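One letter stands for each residue in the lines below.
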Amino acid sequence: MDLTISHISFADFRSYEAFDLRDIGPLTIIVGPNAVGKTNIVEGIQLLTAHASFRHPTVAELVRMGATRARLYADVTDGNRQLELEMTAEEGKKRFFLNGKPKRPADLKGLVPSVSFTPDDLELAKGGMAPRRISLDALGAQLSANHYLIKRDYEKVVRHKNRLLKDEADQALVDSIDEMVVTCGAQLAAYRSALFEKLAQVMGSYYGQITEGREQLRACYVPSWEIHDPNAPATYTFGRDEAREELARTLGERRGEERARRRALVGPHADRIEFFIDGRNVNSFASQGQQRSVVLALKLAEVSLIQDILHQKPVLLLDDVMSELDESRRRALVSFIAGDMQTFITTANIDYFDSDLLGAARIVSLPRAVK
Ligand SMILES: Nc1ncnc2c1ncn2[C@@H]1O[C@H](COP(=O)(O)OP(=O)(O)OP(=O)(O)O)[C@@H](O)[C@H]1O
């Protein structure tokens, strides 16, 4: 049996002085008016399970205004094992505990994975590359502690390199940091590429189901060393060694450009993720509805991959997305939820759910805060 959350408790977290929910079952629908604290609950669960928040807050933002320390807690069980997950936020630091013992996030990766789906995710199929890379790394981090650690190291290296370039530091210093860019960057790019290959395949299959076979989705991971035509889908497969060679070569070729623009231009922080429907780039051609289907397919694929790789169903966190989806996409999502995966849904309007789903759910109504 999968690990599921049976109890959550927050103290001085976001808007909550205290929040406690016990006997949590497979499906919880959290209902309430705007700004009542629905998203805060989902964020708290994501912090406890994925050790990150889709809102990318500072630690101080997590602590209730006027308090000094936030504490989040969850009991998790698979019927046999009982685990206690805990996170504190205090003095600029998040700390994690398992059964009362301090743990590094890397030690907890994959224990109780989660997939969140929020209105911000709908931007994933629209514009910039950064949210797509962040989303891929967030998935990778839950699937592999090594992915999480190398991404963290690589980001440090690039920050350092950008500082050197900004300060117009000696080229020898930049060259020495470039060795790290190559080592960490090649490993990160190889992890991402291998993960993305699986993700793209499952995504394509979900997209086919959502559109009832009418349209084909192709997703491509494009490393920064490729000269890529955004209007032509292409598959680039490579391993770590090839990535090392290509990165070293491209860094050499673009050294002058990096110095002139005073920032790092080569490496996985500049890799692209492109989506194509029937051969056309989603960014410039897709309708809003098609873009939403792409994101829905991506989220469903994330869930499937976690299940396949970790043999543990993730906790699904749906923050106010029903209102953003039309009837057919809502149906596709609900049929997925109706499986046996633990799910938390927030909504301001319960009318989006049919009576079957409501009948299976525990409804938690949050009252309007008294000011
Ligand atoms: N650190 C904090 N201390 C106190 N209050 C906070 C803190 N962080 C957020 N809040 C409050 O939490 C509330 C927002 O909660 P949340 O985002 O969960 O609302 P919601 O119910 O999801 O609303 P909506 O339906 O509009 O998305 C806001 O009133 C905000 O001021």
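Keep in mind it's a predicted model, so treat the numbers as computed, not measured.

Points about the packing of helix 4 (residues 130-143) against helix 10 (residues 288-310)
Interhelical geometry of helix 4 versus helix 10 gives an angle of 20° and a closest axis separation of 10 Å. In terms of axis orientation, helix 4 runs roughly parallel to helix 10. Considering the relative orientation of helix 4 and helix 10, their crossing is right-handed. Of helix 10, the residues touching helix 4 (which contributes S135, L139, Q142 and L143) are L298, E302, L305, I306, I309 and L310. Taken together, the residues of the contact of helix 4 with helix 10 sort by class into seven nonpolar, two polar and one charged.

Comments concerning the sheet that holds strand 8 (residues 114-117)
Taken in spatial order, the five strands make up an open sheet running 8-12-13-3-14, and their pairing is parallel. Bordering the open sheet on either side are strand 8 and strand 14 (362-365), each of which pairs with just one other strand. Pairwise comparison of adjacent strand axes, ignoring direction, gives a mean angle of 15° for this sheet. As paired strands, strand 8 and strand 12 (residues 315-319) are joined by four bridges and run parallel to one another. Paired with S116 across the bridge in strand 12 is L317.

Brief notes about the layout of surface pockets
In this model, the largest pocket occupies a volume close to 1200 Å³. Around the largest pocket sit 42 residues that line it, and A52, S53, H56, I134 and A138 are the ones nearest its centre. When contributions to the lining of the largest pocket are tallied by element, the ones reaching two or more residues are helix 1 (38-50), helix 2 (59-62), strand 6 (93-98), strand 8, helix 4, helix 5 (145-166) and helix 10. No other element matches helix 4, which puts eight residues into the lining of the largest pocket. Tallied by class, the residues present in the lining of the largest pocket amount to 17 nonpolar, eleven polar and 14 charged. Composition of the lining of the largest pocket by domain shows at least three residues from each of domain 1 (1-113 + 314-370) and domain 2 (128-311).

What counts, and at which threshold
- Residues numbered from 1 in each chain as written.
- Predicted model: local features only at pLDDT ≥ 70, side-chain atom pairs only at ≥ 80, totals over all residues.
- Heavy atoms only, no water.
- Axes fitted to C-alpha atoms, helices over the stretch in contact; angles between N-to-C directions.
- Helix = DSSP H or I, 4+ residues; strand = E, 2+ residues; numbered from the N terminus.
- Parallel < 35°, antiparallel > 145°, perpendicular 65-115°, else oblique.
- Left-handed = near helix turned anticlockwise from the far one by under 90°.
- Contact = heavy atoms within 4.5 Å.
- Nonpolar A, V, L, I, M, F, W, Y, C, P; charged D, E, K, R; others polar.
- Pairing = 2+ DSSP bridges.
- 1 Å grid on protein atoms, 1.4 Å probe; cavity = no way out; pocket = protein on both sides within 12 Å on 5 of 7 lines; lining within 4 Å.
- Points joined across faces, edges and corners; volume = space filled by probe spheres on them.
- Domains from an automatic or database assignment.

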